[in-house]
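# Residue-level structural notes
Each chain is listed here by its residues.
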Amino acid sequence: MLSKKDLDYFNHGSIENKKFWKRLGEKPDFENKSILDFGCGHGALCIDIAKSGAGLVTGIDLSKSLLKFAKENLSSNFNSLSEKIVFEEKDLLKDHFNETFDIIVTKDTFEHSLNLPEILNKFYDLLNDNGKVYIGFGPLYNSFNGDHGRTQLKLPWMHVILSEERIVNRYNKNNSDKIKRIEDLGLSKYSLKDYKRIFKESKFEIDYFITNQSDHPFGKILNIFSKINFLKEYFTYNIYCILKKSRI
Ligand SMILES: C[S@@+](CC[C@H](N)C(=O)[O-])C[C@H]1O[C@@H](n2cnc3c(N)ncnc32)[C@H](O)[C@@H]1O
């Protein structure tokens, strides 16, 4: 039985997908292509891509419960797409893939992903020549809500202002699950500068890179401050990027 909470999240994802493609310039041509969605979650983006004519969409995730929802939702509500989508419990870095892909997509996962250079190397190996990776994510760690509320500090940017030791001690005092470092809360802590460097140092060509995409009025205020050089790191909240694997 699909829970209302999961269905609401899935339906919200379907709305967010339109923004995702708009922020990446446009929706790519998926016709008959093979696609990997890294961190597919509830599966909304996989369904959107399969509806756009993809040959086969593989959604991978680590979460058993999200994959259970994604599979049940596919068979109950999108059965006509069942032949075109596979949801698999797979760790991108640890598990083996028998296939390669024309396009890799990843939405709202890179802000949680440690080992980003290794992830990009794996993407490179999994992509066919001239394949592309479509990436969109946020909030970035140094932005006002970059801790996703997980440090349980109430004020914006407090997770950036306070020392890690203080944040960890405070968290451990108030919670039964104990952490040793902020990364244990599922946050990668990469800065805007780190992401730019990692993309640049990867084997990919950067085809498109844009930040601070939002239609929210508050986003527009943050954009103004992000134009000031020494504030850029703290007022940049998301990244949309396309990486290309050129034929060698
Ligand atoms: C915040 S969710 C985003 C889900 C979905 N893309 C969305 O936009 O709603 C990030 C997902 O990435 C998955 N993930 C993180 N690291 C992964 C890995 N190494 N291999 C596969 N999935 C991973 C997590 O399990 C999590 O469900």
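Residues numbered from 1 in each chain as written. Predicted model: local features only at pLDDT ≥ 70, side-chain atom pairs only at ≥ 80, totals over all residues.

### Digging into the packing of helix H1 (residues 4-23) against helix H2 (residues 44-51)
It is the contact of H1 with H2, at a shortest axis distance of 8 Å, that shows an interaxial angle of 55°. When the interaxial angle is binned, H1 and H2 end up oblique. Read as a crossing pair, H1 and H2 show a hand that is right-handed. Listed contacts from H2 to Phe10, Gly13, Ser14 and Asn17 of H1 are Ala44, Leu45 and Asp48. (Axes fitted to C-alpha atoms, helices over the stretch in contact; angles between N-to-C directions. Helix = DSSP H or I, 4+ residues; strand = E, 2+ residues; numbered from the N terminus. Parallel < 35°, antiparallel > 145°, perpendicular 65-115°, else oblique. Left-handed = near helix turned anticlockwise from the far one by under 90°. Contact = placed C-beta atoms within 7 Å.)

### Considerations on the pairing of strand E5 (residues 127-137)
Note: strand E4 (residues 101-107) against E5, six bridges, orientation parallel. If you follow Phe101 over to E5, its bridge partner there is Leu127. Handedness of the β-α-β unit built from E4, helix H4 (residues 116-126) and E5 comes out right-handed. Pairing of E5 with strand E7 (residues 239-244) involves six bridges; the strand directions are antiparallel. Residue pairing in the sheet places Lys132 in a bridge with Lys244 of E7. (Pairing = 2+ DSSP bridges. Right-handed = clockwise from strand over helix to strand, strands pointing away.)

### Description of the site of the ligand
Surrounding the ligand, one finds 18 residues, the nearest of these being Gly39, Gly41, Leu62, Leu92 and Asp108. Each residue belonging to the shell around the ligand can be placed in one class, and the counts come to six nonpolar, eight polar and four charged. (Near = placed C-beta within 6 Å. Nonpolar A, V, L, I, M, F, W, Y, C, P; charged D, E, K, R; others polar.)

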